[in-house]
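Listed below, chain by chain, are the residues.
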There are 2 protein chains.
Amino acid sequence: MQMKTADAIVKAIMIADQPESFVTRRLEEIELEFGGMRGDRHFGITAKSDVRQPMYKKGTEILNRRQLTMVSEEQLAIIAEELGVEKVLPEWLGANMLLSGFEELTTLPIGSRILFPDGTGLICMGENKPCIHPGQMIQVNYPSLPKLDTRFVKAGYKRRGIVCAVERPGMIRVNEEVRILINDVDNPMQ
Amino acid sequence: MQMKTADAIVKAIMIADQPESFVTRRLEEIELEFGGMRGDRHFGITAKSDVRQPMYKKGTEILNRRQLTMVSEEQLAIIAEELGVEKVLPEWLGANMLLSGFEELTTLPIGSRILFPDGTGLICMGENKPCIHPGQMIQVNYPSLPKLDTRFVKAGYKRRGIVCAVERPGMIRVNEEVRILINDVDNPMQ
């Protein structure tokens, strides 16, 4: 049976390696490892559970399925338009990757794969649910506009991108084309 | 919003620790680690890719999302009935866990969680697609019945259980009750 696929371009690669900030900074390329981007605050095979995993006591060591976050250029543009601002940068959302050409990124099914020219592969682990910090960062960048932080919750709904885990390590570079294998949840890939 | 949940009983825990066989043997309990059951042939944070992951060259080291397999007692009974045999044992399928009380196990959505009394947690990584070996093992056990191996492909379709990864390590014991958190793929758990 034919699997659905899509192609997209990597417009930015970013790392969160400042100790006091979730805001990411741009790189031209990086070698992904099992666990994500070494040096990034979310790097690791395991991570400490937080409010997103209420079934575990806070701080429990669990499998890290949120190694990297990815957002869509098209979806960030819609957020900006809805907030009435010029732009919303992926760095303000602490994103590790910005893709262009795949507008439905946030609803990419769990288990989908994102494959890079070097053979590097990511597994989509689902929608990245909003938290308050990006809204606050947007507000900082547009201090004269009211309530951007709270309005981001609604504007960012179902547009905030996905979280991924590294399936197969390797290089990733800005301007590369990626192939997205879209999982069929009724007949999932192995 | 209310998440769907279900409860089930662990009827058997099994390990595949014989070097030349995928067939599992029963244990009363085991301490699961990140990577699965130590000593089991599928144990590991990473694994070598095979025909199930055609997007990678065979033998590529990839993230192991097939650490443990789980089958449903109810679904094995349906397989046995359809094949016209007395029973189909989970060991013949190389399963690590047998659950009773949750008939829809094989279609449990990716990202669902299975939680044990000790706090141990598994993440469902999707349906376990059939391969030829269990059919051959069933045939070995009922040598006088024709074509059980090939008939298992159809009888096992959508009944062959799921694959899981260990999210939070800990003890698991036979006869424990597990809580299943059923993922909503349109609004997935984090």
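A quick note: this is a predicted structure, and the numbers were derived from the prediction, not measured. (Residues numbered from 1 in each chain as written. Chains lettered and ligands numbered in written order. Predicted model: local features only at pLDDT ≥ 70, side-chain atom pairs only at ≥ 80, totals over all residues. Heavy atoms only, no water.)

### So, the overall build of chain A
Part 1: What chain A contains, in helices and strands, is 3 helices and 12 strands.
Part 2: A compact globule built from 190 residues would reach a C-alpha radius of gyration of about 16 Å, and chain A, at 16 Å, matches this within 12%.
Part 3: Overall, chain A is about 50 × 35 × 35 Å in size when its C-alpha atoms are taken along their principal axes.
Part 4: In chain A, which comprises 190 residues, the share counted as buried stands at 54%. (Helix = DSSP H or I, 4+ residues; strand = E, 2+ residues; numbered from the N terminus. Rg over C-alpha atoms; globule rule 2.2 N^0.38 Å. Buried < 20%, exposed > 50% of the residue type's maximum accessible area, 1.4 Å probe, protein only.)

### Points about helix α1 (residues 73–83) of chain A
All names here are of chain A.
Part 1: Of the residues making up α1, those classed as buried are Gln75, Leu76, Ile79, Ala80 and Leu83. Around the axis of α1, the buried residues are gathered within 145° of arc, so they sit on the same side.
Part 2: Buried residues in α1 make contact with β6 (68–72), β7 (97–100), α2 (132–141) and α3 (148–155). (Arc of directions from axis to C-beta. Contact = heavy atoms within 4.5 Å.)

### So, the confidence of the model for chain A
Part 1: Of all residues in chain A, 99% attain a pLDDT of 70 or more, and the chain-wide mean is 95.
Part 2: Model confidence for the complex is summarised by a pTM of 0.95, with the ipTM given as 0.94. (pLDDT = per-residue confidence, 0-100.)

### Concerning the interface of chain A and chain B
Part 1: Taken together, the contacts link 38 residues of chain A with 38 residues of chain B.
Part 2: Both sides together, the interface formed by chain A and chain B hides about 3,100 Å², and carbon and sulfur atoms give 60% of it.
Part 3: The largest contributions to the chain A side of the interface with chain B come from Leu63(A), Arg65(A) and Gln190(A), which together make up 23% of the buried area.
Part 4: For the pair chain A and chain B, the interface holds 0 salt bridges.
Part 5: Our enumeration of links across chain A and chain B arrives at 16 residue pairs in polar contact (both at pLDDT 80 or more).
Part 6: Taken together, the residues of the side of chain A that touches chain B break down into 17 nonpolar, 10 polar and 11 charged. (Buried area = accessible area lost by both parts, 1.4 Å probe. Salt bridge = Lys/Arg side-chain N within 4 Å of Asp/Glu carboxyl O. Polar contact = N/O pair within 3.5 Å; in protein donor to acceptor, adjacent residues only side chain to side chain. Nonpolar A, V, L, I, M, F, W, Y, C, P; charged D, E, K, R; others polar.)

### A look at the relation of the copies chain A and chain B
Part 1: Aligned on chain B, chain A shows an RMSD of 0.0 Å; the corresponding rotation is 180° and the shift along the axis is 0.0 Å. Each copy turns onto its partner about a two-fold axis. Judged by C-alpha distance, Ile110(A) is the residue of chain A that lies nearest the rotation axis, at 3.4 Å.
Part 2: Interface overlap between copies is the fraction of interface residues in one copy that are interface residues in the other; for chain A against chain B it reaches 100%, indicating a shared surface. (Least-squares fit on C-alpha atoms with pLDDT ≥ 70 in both.)

### A closer look at the pattern of salt bridges
For side chains bearing opposite charge, pairing can occur when the charged atoms are close.
Part 1: In the structure shown here, the tally under the stated rule is 22 salt bridges over all chains.
Part 2: Ionic pairing is found between Glu91(A) and Arg26(A), a salt bridge with its closest N-O pair at 2.8 Å. Within this pair, whereas Glu91(A) is found in the loop between α1 and β7, its partner Arg26(A) is found in strand β2 (residues 25–27), the two being separated by 65 residues in sequence.
Part 3: The exposure class assigned to Arg26(A) is partly exposed, which follows from its relative accessible area of 41%.
Part 4: With a closest N to O distance of 2.8 Å, Glu127(B) and Lys158(B) form a salt bridge. Residue Glu127(B) is located in strand β9 (residues 121–127), and its partner Lys158(B) is located in the loop between α3 (148–155) and β10 (162–168); the two are separated by 31 residues in the primary sequence.
Part 5: Look at Glu127(B) and you get buried, because its relative accessible area is 5%.
Part 6: Salt bridges linked by common partners bring Glu29(A), Arg173(A) and Glu176(A) together as one network.

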